[in-house]
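Coordinate analysis (summary)
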There are 2 protein chains.
Amino acid sequence: MKGMTKIFTLDQIKEVLKDIEPLQAIERGFVAYSQGKVVVPPIGELIFKEPPGDVHIKYGYIADDEYYVIKIASGFYENCKLNLPTHNGLMLVFKQKTGELVCILLDEAHLTNVRTAAAGAVVAKYLAPKNVECIGIFGAGTQGRMQVEYLESIVDCKDAIVWGINQKELDLYREDMEPFGFNLKTTLDAKDIPENCNLIVTATPSKSPLLSAEQIKKGTHITAVGADTAEKNELDPRILQKADRIVADSVDQCLLRGEIYQAIKAGMISEENIVELGNVIVKKELQRSSDEEITVADLTGVAVQDIQISKAVYEALLSQ
Amino acid sequence: MKGMTKIFTLDQIKEVLKDIEPLQAIERGFVAYSQGKVVVPPIGELIFKEPPGDVHIKYGYIADDEYYVIKIASGFYENCKLNLPTHNGLMLVFKQKTGELVCILLDEAHLTNVRTAAAGAVVAKYLAPKNVECIGIFGAGTQGRMQVEYLESIVDCKDAIVWGINQKELDLYREDMEPFGFNLKTTLDAKDIPENCNLIVTATPSKSPLLSAEQIKKGTHITAVGADTAEKNELDPRILQKADRIVADSVDQCLLRGEIYQAIKAGMISEENIVELGNVIVKKELQRSSDEEITVADLTGVAVQDIQISKAVYEALLSQ
């Protein structure tokens with residue numbers, strides 16, 4: 001390990017992220033995953049009760065790749081009382097042929113946000129309608145911001161509406177997002193989004209649907225990124241029943257959590273209705289084929305995204 | 001994480017190890033473990049075939065303690081061809097109440113060796129005969145050296161015999177160990193050890209017994225540290241049958257691997273014959289009670305040792 005390990009802070013990582021385009025790496029990761037080339041063992045977990053916290057260890061590699069990656073991510077939900085971030089984490093990149101630790105990315109969970117937002121952009125590339133009239137975002141948090149940020153390179157539309165739970169968070173959102181050049185509206189009324197937007201991203205921790213099936217117009221694409229557990233649920237299961245295409249980041253995982261899990265549990269769809277994102281990327285016939293289709297993508301987060309983003313960042317940092 | 005994470009290299013770790021006495025920390029760890037206060041989830045594993053390598057993620061915490069620890073350890077068995085160490089690793093220490101990463105110990109697997117050797121010394125403290133005539137070591141590798149090094153603070157005896165597989169490694173061993181002030185003999189004949197020694201440590205990767213039951217004299221203590229898988233085996237199972245006390249570092253783990261596993265599989269002992277080290281430490285009636293007893297301790301390595309050694313090193317580094 002001596003002389004080999006490079007350690008990078010969040011500031012260094014953010015700086016290098018300006019110069020790289022992670023979408024291609026994330027796309028290649030999903031393709032490898034759907035081709036069965038990714039080894040991802042079960043997630044390691046530590047649970048703390050007092051104060052409540054959880055730690056997850058996600059790790060794996062793409063066969064015949066140069067590296068393997070271990071990500072440690074934590075959520076300690078009372079950290080706000082201490083003026084500390086709720087979510088934290090780091091990623092470790094090792095050489096697959098020797099086990100050498102080549103870098104530690106002290107990203108404080110930021111790269112998880114980046115890889116999630118990048119997946120949203122990948123989805124939009126293959127499933128969003130050709131003419132996006134307006135982008136609709138549910139959730140004025142970090143992911144609500146970053147999804148818009150990463151859609152910028154994929155979608156021409158500069159009009160967006162964001163829904164949030166209070167005007168204060170919406171005002172802060174508008175302030176933060178103005179530099180990105182969007183014509184941004186905010187709303188506290190959820191139905192404004194499906195009425196005006198044909199590319200919708202849901203990025204909330206909601207446990208009950210934000211959208212009903214009746215509200216969804218033909219030609220709409222919805223990417224759901226909020227629900228990453230078996231309890232969370234942002235979409236009325238009938239939206240998935242109504243959809244012409246349902247895409248999972250990981251079929252295996254979406255059978256256990258997220259919107260697809262909810263819709264299967266409600267008897268609205270079955271496993272045969274689902275296609276996997278890595279297959280959508282490589283097979284034109286699985287991508288949006290008309291301006292009339294309703295499409296839904298369920299992103300629950302796959303370790304191959306962590307593998308790809310950390311490698312991309314490490315390689316960019318190396319070449320500096 | 002900002003401003004909090006401290007990163008220490010092997011040189012820094014070795015320097016601070018000179019000032020600390022890890023035995024107490026390891027002892028407290030075993031006691032907490034036997035009292036059911038240690039949370040240790042299943043080990044995470046990544047396996048590589050070409051070239052052969054394995055990565056293990058061990059993690060856990062003691063309830064109501066300040067920290068939790070994640071250890072990453074790898075073995076890449078063709079690294080020697082590249083002039084790289086076969087074994088490598090690092091330990092990460094986090095705060096249990098907030099998830100903050102407080103330090104990264106880039107110990108290159110050294111602390112695993114330390115915690116294993118320290119466990120050998122803890123065992124000797126409670127199970128070695130009062131008058132150790134001569135220390136016998138099987139295996140002239142790293143652990144064969146470090147077991148002797150850590151016994152120094154527990155056992156007065158300065159006579160030792162080491163057995164190895166060739167004279168070259170034995171000569172190197174003697175050279176390395178001379179500074180510790182032992183009167184050291186080397187041998188290629190295994191039976192020299194049980195004939196002359198009443199405190200024996202086996203520290204080899206052997207898959208067939210190095211010692212037979214007939215060779216073991218009354219009053220002998222044996223600590224077996226080499227066998228950490230279901231295949232490895234250093235002691236004739238009849239030695240355990242003959243023993244007056246059989247001690248496991250972790251009963252649960254010793255039922256699945258190591259000398260106890262082998263002896264149970266051979267029908268020589270049963271689970272009821274085993275006591276756990278953490279209980280031996282606190283209960284005088286479980287410790288050696290005469291100079292006639294034959295005692296055997298099977299050390300397969302428990303994550304609580306990693307937790308304790310990394311915390312001890314971190315705290316010592318902090319107070320510098």
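The present account deals with the structure reproduced in this document. Since the model is a prediction, treat every value here as computed from it, not as a measurement. Every residue gets a number counted from 1 within its own chain, in the order that chain's sequence is written. All chains are assigned letters beginning at A, and all ligands numbers beginning at 1, according to the order in which they are written. In keeping with the predicted nature of the model, local features appear solely for residues at pLDDT of at least 70, side-chain atom pairs appear and are counted solely at 80 or more, and the whole-chain, interface and lining totals rest on all residues. Hydrogen atoms and water are omitted, and side-chain values are computed over all heavy atoms in the structure.

Some points on the overall build of chain A
Counting from the N terminus, the helices are the DSSP runs of H or I reaching at least four residues and the strands are the DSSP runs of E reaching at least two. Secondary structure summary: chain A contains 11 helices and 15 strands in total. The globule rule is 2.2 Å times the number of residues to the power 0.38, and the radius of gyration it is compared with is taken over C-alpha atoms. Computed over its C-alpha atoms, the radius of gyration of chain A comes to 19 Å, within 12% of the 20 Å expected for a compact globule of 320 residues. Each principal axis of the C-alpha atoms in chain A carries an extent, and together these give about 60 × 45 × 40 Å. Relative accessible area decides the class of each residue, using a 1.4 Å probe on protein chains only: under 20% of the type maximum gives buried, over 50% gives exposed, and in between gives partly exposed. Going through the 320 residues of chain A one by one, you find that 60% of them count as buried. Contact criterion: two residues are considered in contact whenever any of their non-hydrogen atoms come within 4.5 Å of each other. The long-range share in chain A, meaning contacts at least 24 apart out of those at least 6 apart in sequence, stands at 68%.

Observations regarding the relation of the copies chain A and chain B
Structural alignment of chain A on chain B gives an RMSD of 0.0 Å, achieved by rotating through 180 degrees and translating 0.0 Å along the axis. Such a combination of turn and shift is consistent with a two-fold rotation axis. If distances are taken from each C-alpha of chain A to the rotation axis, the shortest is found for Gly44 of chain A, at 3.4 Å. In this assembly, 100% of the residues forming the interface of chain A have copies in chain B that are likewise at the interface, indicating an isologous arrangement. A least-squares fit on C-alpha atoms brings the copies together, and the residues used are those whose pLDDT is at least 70 in both copies.

As for the nonpolar core
Leu105, Ile135 and Val313 of chain A are the most contacted members of the largest nonpolar core, which totals 70 residues. Excluding anything up to four places from it in sequence, Leu105 of chain A contacts Phe8, Ile13, Leu90, Met91, Leu111, Ser310, Val313 and Leu317 of chain A. By convention a nonpolar core is built from buried Ala, Val, Leu, Ile, Met, Phe, Trp, Tyr and Cys residues, the set being connected through side-chain atoms within 4.5 Å. Core analysis: the second largest hydrophobic core is formed by 67 residues, Leu105, Val132, Tyr173 and Ala203 of chain B among them.

Regarding the environment of Ile43 of chain A
All names here are of chain A. Following the sequence through the fold, Ile43 ends up in the loop between β2 (38-39) and β3 (44-48). Classification of Ile43 as partly exposed rests on a relative accessible area of 38%. In this structure the C-alpha to C-alpha distance between Ile43 and Tyr33, which are 10 residues apart in sequence, comes to 16 Å. Ignoring anything within four residues of it in the chain, the contact list for Ile43 reads His56, Ile57 and Lys58.

A look at the packing of aromatic side chains
Ring pairs are drawn from Phe, Tyr and Trp, using the six-membered ring of Trp, whenever the two centres fall within 6.5 Å, and their geometry is named by plane angle: stacked under 30 degrees, edge-to-face over 60, tilted for the rest. On inspection of all chains with the given rule, the structure shows 12 aromatic pairs over all chains. Between Tyr67 of chain B and Tyr314 of chain B, the ring centres sit 5.7 Å apart and the planes meet at 85 degrees, which makes this aromatic pair edge-to-face. With a gap of 247 residues between them, Tyr67 of chain B in strand β5 (residues 67-76) and Tyr314 of chain B in helix α11 (residues 303-318) connect regions that are remote in the sequence. Overall, the relative accessible area of 5% leaves Tyr67 of chain B in the buried class. Here the aromatic residues Phe48 and Phe76 of chain A together with Tyr61, Tyr68 and Phe94 of chain B are joined through ring pairs into a cluster of three or more. Counting as a charge over the ring demands two things of the Lys NZ or Arg CZ atom: a distance within 6 Å of the ring centre and an angle within 35 degrees of the ring normal. Over the ring of Phe182 of chain A we find Lys158 of chain A, and its NZ or CZ is 4.8 Å from the ring centre.

Quick notes on the sheet that holds strand β12 (residues 221-224) of chain A
All names here are of chain A. With respect to topology, 8 strands assemble into an open sheet ordered β10-β9-β8-β11-β12-β15-β13-β14, the strand pairing being parallel. Among the strands making up the open sheet, the edge pair consists of β10 (183-187) and β14 (274-276). Taking each pair of neighbouring strands and ignoring which way they run, the sheet shows an average axis angle of 20 degrees. Following DSSP output, two strands are said to pair if at least two bridges run between them. Bridge count between strand β9 (residues 159-163) and β10: 5 bridges; the pairing is parallel. Its bridge partner being in β10, Asp159 is matched across the sheet by Asn183. Axis definition: a line fitted to C-alpha atoms, limited for helices to the stretch in contact. Angles are taken between N-to-C directions and run from 0 to 180 degrees.

Things to note about the sheet that holds strand β11 (residues 199-202) of chain B
Strand pairing within a sheet occurs via backbone hydrogen bonds; the two strands may be parallel or antiparallel. All names here are of chain B. Reading across from one edge, β10-β9-β8-β11-β12-β15-β13-β14 is the order of the 8 strands in this open sheet, with parallel pairing throughout. Edge strands, defined here as strands with exactly one partner in the open sheet, are β10 (183-187) and β14 (274-276). In this sheet, adjacent strand axes meet at a mean angle of 20 degrees when their direction is disregarded. Of the pairings in the sheet, the one linking β11 to strand β12 (residues 221-224) comprises 4 bridges and is parallel in character. Bridging from a neighbouring strand, Leu199 pairs with His221 of β12.

Let's talk about the interface of chain A and chain B
Opposite the 41 residues of chain A that make contact, chain B presents 41 residues. Summed over both partners, the accessible surface that disappears when two parts come together, traced with a 1.4 Å probe, is what is meant by buried area. Buried area between chain A and chain B, both sides added, is near 3300 Å², and the carbon and sulfur share of it is 72%. Throughout this description, the term salt bridge denotes a Lys or Arg side-chain nitrogen within 4 Å of a carboxyl oxygen of Asp or Glu. Counting every contact that joins chain A to chain B gives 0 salt bridges. Whenever a nitrogen or oxygen atom comes within 3.5 Å of another N or O atom, the pair is scored as a polar contact, on the condition that within protein one atom can donate a hydrogen and the other can accept it, and that pairs from neighbouring residues in sequence are kept only if both atoms are in side chains. Viewed at the interface, chain B and chain A are joined by 6 residue pairs in polar contact (both at pLDDT 80 or more). Elements with a contribution of two residues or more to the side of chain A that touches chain B: β3, β4 (53-62), β5 (67-76), β6 (87-95) and β7 (101-106) of chain A. Ranked by residues supplied to the side of chain A that touches chain B, first place goes to β6 of chain A with 6 residues. Here the term charged refers only to Asp, Glu, Lys and Arg, the term nonpolar to Ala, Val, Leu, Ile, Met, Phe, Trp, Tyr, Cys and Pro, and the term polar to all other amino acids, Gly among them. Of the residues in the side of chain A that touches chain B, the class split is 24 nonpolar, 10 polar and 7 charged.

Quick word on the pattern of salt bridges
Residues and elements named next belong to chain B. Evaluated as defined, the whole model comprises 24 salt bridges over all chains. Here Glu152 ties to Lys158 by a salt bridge, and the two come within 3.1 Å at their closest N and O atoms. On the basis of relative accessible area, Glu152 is assigned to the partly exposed category, the value being 34%.

Some points on unusual backbone geometry
All names here are of chain A. The omega torsion across Glu50 and Pro51 is -5 degrees, close enough to zero to call that bond cis. Checked against the element boundaries, Pro51 lands in the loop between β3 and β4. Its identity as a non-glycine residue notwithstanding, Asn83 has a phi of 60 degrees, on the positive side. Unusually for a residue other than glycine, Glu108 sits at a positive phi of about 50 degrees. Residue class for Glu108 comes out buried when judged on its relative accessible area of 18%.

Overview of the environment of Val38 of chain B
Residue position: Val38 of chain B is located in strand β2 (residues 38-39). Once residues within four sequence positions are removed from consideration, Val38 of chain B is found in contact with Gly29, Ala32, Tyr33, Tyr61, Ile62, Val304 and Ile307 of chain B.

Quick look at helix α3 (residues 110-127) of chain A
Along an α-helix, residues three or four positions apart point the same way, because every turn accommodates 3.6 residues. Between its first and last C-alpha, α3 of chain A extends 26 Å over 18 residues, near the 26 Å set by a 1.5 Å rise per residue. Counting buried residues in α3 of chain A gives 16 out of 18 residues, a clear majority hidden from the surface. Here the expected length of a helix is defined as 1.5 Å per residue gap, with one fewer gap than residues.

Here's the deal with the state of the cysteines
Residue and element names in this part refer to chain B. Cysteine sulfur atoms are paired as a disulfide whenever they fall within 2.5 Å. Scanning the model with the defined rule gives 0 disulfides over all chains in all. Unpaired in this structure, Cys197 has its nearest cysteine sulfur neighbour in Cys134, at a distance of 3.6 Å. Residue Cys197 is classed as buried on the basis of its relative accessible area of 1%.

A closer look at helix α9 (residues 258-265) of chain B
Residue and element names in this part refer to chain B. Of the positions making up α9, those classed as buried are Gly258, Glu259, Ile260, Gln262 and Ala263. Structurally, α9 contributes buried residues whose contacts are with β12, α7 (237-242), β13 (245-248), α8 (251-254), β14 and β15 (295-298). A positive backbone phi angle near 75 degrees is found at Gly267, which sits one or two residues after α9.

Focus: the packing of helix α2 (residues 22-34) of chain A against helix α11 (residues 303-318) of chain A
Residue and element names in this part refer to chain A. The N-to-C vectors of α2 and α11 enclose an angle of 145 degrees; their axes lie 9 Å apart at closest approach. You can see that α2 and α11 cross each other, and the crossing is right-handed. Residue-level contacts link Pro22, Ala25, Ile26, Arg28, Gly29, Phe30 and Tyr33 of α2 to Val304, Gln305, Gln308, Ile309 and Ala312 of α11. Of the residues that constitute the contact of α2 with α11, the class distribution is 8 nonpolar, 3 polar and 1 charged. Put simply, a crossing is left-handed when the front helix is turned counterclockwise from the back one by less than a right angle, and right-handed when it is turned clockwise.

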